[in-house]
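Descriptive analysis of the structure
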Amino acid sequence: MKKIEAIIRPEMFESVRDALLKIGCQGLTVSEVEGHGKQKGLVQQWRGEKYQVYLLPKLKLEIVARDRDVELIVRTIMDSAGTGQIGDGKIFVYDVSTAVRIRTGEKGEKAL
Ligand SMILES: Nc1ncnc2c1ncn2[C@@H]1O[C@H](COP(=O)(O)OP(=O)(O)O)[C@@H](O)[C@H]1O
Ligand SMILES: [Mg+2]
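Residues numbered from 1 in each chain as written. Chains lettered and ligands numbered in written order. Predicted model: local features only at pLDDT ≥ 70, side-chain atom pairs only at ≥ 80, totals over all residues. Heavy atoms only, no water.

Some thoughts on the side chain of Lys-58
Our working rule: By the criteria applied, helices consist of DSSP H or I runs no shorter than four residues and strands consist of E runs no shorter than two, each listed in order from the N terminus. Only protein chains enter the area calculation, which uses a 1.4 Å probe; residues under 20% of their type maximum are buried, those over 50% are exposed, and those in between are partly exposed. Lys and Arg are tallied as positive, Asp and Glu as negative. Neither His nor the chain termini are counted. Note on definitions: salt bridges are taken to be side-chain nitrogens of Lys or Arg within 4 Å of carboxyl oxygens of Asp or Glu. Polar contacts, as used here, are pairs of N or O atoms within 3.5 Å; protein pairs need one atom able to donate a hydrogen and one able to accept it. Residues neighboring in sequence count only if both atoms are side-chain atoms. Note on contacts: a residue pair is in contact if any heavy atoms of the two residues lie within 4.5 Å.
Assignment of secondary structure puts Lys-58 in strand 5 (residues 56-65). Buried within the structure, Lys-58 lacks any salt-bridge partner; its nearest side chain of opposite charge belongs to Glu-11, at an N-O separation of 7.0 Å. At a separation of 2.8 Å, a polar atom in the side chain of Lys-58 contacts the main-chain carbonyl oxygen of Gly-87. Not counting chain neighbours up to four residues away, the residues in contact with Lys-58 comprise Ile-7, Ile-8, Arg-9, Pro-10, Ser-31, Glu-32, Val-33 and Gly-87.

Thoughts on the pattern of salt bridges
Throughout the structure, instances matching the rule amount to nine salt bridges. A salt bridge links Asp-95 to Lys-2; its shortest N-O distance comes to 2.6 Å. With Asp-95 in strand 6 (residues 90-95) and Lys-2 in strand 1 (residues 2-8), this pair connects stretches of sequence that are 93 residues apart. The class of Asp-95 is exposed, set by a relative accessible area of 65%. A relative accessible area of 23% means that Lys-2 is categorised as partly exposed. The residue Asp-88 makes a salt bridge to Arg-9 at a minimum N-O spacing of 2.8 Å.

Details of the sheet that holds strand 6
Formally: Strand pairing follows a simple DSSP-based rule, namely that at least 2 bridges must link the two strands. Inter-axis angles, ranging from 0 to 180 degrees, are taken between N-to-C directions of lines fitted to C-alpha atoms, where helices are fitted over the stretch in contact.
Reading across from one edge, 2-5-1-6 is the order of the four strands in this open sheet, with antiparallel pairing throughout. What marks the edges here is a single partner per strand, and that holds for strand 2 (29-35) and strand 6. Within this sheet the neighbouring strands show an average axis-to-axis angle of 25 degrees, counted without direction. Pairing between strand 2 and strand 5: seven bridges, direction antiparallel. Paired with Gly-35 across the two strands is Leu-56, which belongs to strand 5. In the packing of helix 1 (residues 13-22) onto the sheet, contacts are made with strand 1, strand 2 and strand 5, and the angle to strand 5 comes to roughly 10 degrees. Against the sheet, helix 2 (residues 70-81) makes contact with strand 1, strand 5 and strand 6, and its axis sits at roughly 5 degrees relative to strand 1, the strand it touches most.

If you want it as structure tokens, here you go:
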């Protein structure tokens, strides 16, 4: 199993969620986060003064999936979260050692 962690633009969430539902993605965790990538935020102007905003609001999606589904999920997020502009976000994939469904005690892929 793998965990797919995607940092996306908050305004792209509905598009990503709809695309994930379409491919039959089972579960999803979403958190509101702040971060920056290469550009270290952006420069804004207010009443003629320029100032640097270092942290921009993003959404973090976490999906734990079977190994064989990872490629499709990553491609689906790429296709639905992108605008082609800087700040579109990133996807990280991690190994997951196990999962447990608390209600039944099912373990591993059966718990997803
Ligand atoms: N190396 C990283 N480690 C952890 N989070 C990152 C990293 N790079 C980017 N992020 C997260 O992804 C968000 C979007 O990054 P983005 O601006 O699209 O990346 P970049 O400018 O590097 O192409 C950031 O706000 C941050 O939350
Ligand atoms: Mg950036």
